[in-house]
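# Coordinates in review
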Amino acid sequence: MRSTRIAISAVMLGALALPVLSATTASATPASRCSSQPPLPYEVHTAAVTIRSKATTHSTALGELYKSYPFSVTKKSGNWLYITDKTTGVKGWVSGTYVYRDVRMSTD
């Protein structure tokens, strides 16, 4: 029974992926046209993320950065971003796992 579900899931996943795999790259816009646009802003991609004193999960928590709060990124260290929460004024490190830029794709 379980192997039947797995086989059906694999077939359905393959059917969904087929149009993506068969798309031609000739219709895609060159990357140079997209790179001329400014990068997308950083966003919180979870309800909230902890602001920490150092770029590690074991450091002191200074506050939380919520999804709707405006913030700016000053620097980056590995997968960690040093931010300033514009709502509360708190400065610290947040994980890039939860705070990142969306990817922009150019299409014509």
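Use the structure listed above.
Residues numbered from 1 in each chain as written. Predicted model: local features only at pLDDT ≥ 70, side-chain atom pairs only at ≥ 80, totals over all residues. Heavy atoms only, no water.

Throughout the structure, instances matching the rule amount to two aromatic pairs. Geometrically, the ring pair formed by Y66 and Y69 is edge-to-face, given 5.3 Å between the ring centres and 70° between the ring planes. Ring geometry for Y82 against W93: centres 5.2 Å apart, planes inclined by 65°, an arrangement best described as edge-to-face. Taken together, the residues Y82 in strand 5 (residues 80–85) and W93 in strand 6 (residues 91–95) connect sequence positions eleven residues apart. Among the residues examined, Y82 registers a relative accessible area of 21% and is labelled partly exposed. Here K75 stacks its cationic end above the ring of Y82, 5.3 Å away from the centre of that ring. (Phe/Tyr/Trp six-rings, centres within 6.5 Å; stacked < 30°, edge-to-face > 60°. Helix = DSSP H or I, 4+ residues; strand = E, 2+ residues; numbered from the N terminus. Buried < 20%, exposed > 50% of the residue type's maximum accessible area, 1.4 Å probe, protein only. Lys NZ or Arg CZ within 6 Å of the ring centre and 35° of its normal.)

Along the polypeptide, S72 turns up in strand 4 (residues 71–77). According to the relative accessible area criterion, S72 is partly exposed, its value standing at 26%. C-alpha of S72 to C-alpha of Y42: the two residues are 30 residues apart in sequence and 7.9 Å apart in space.

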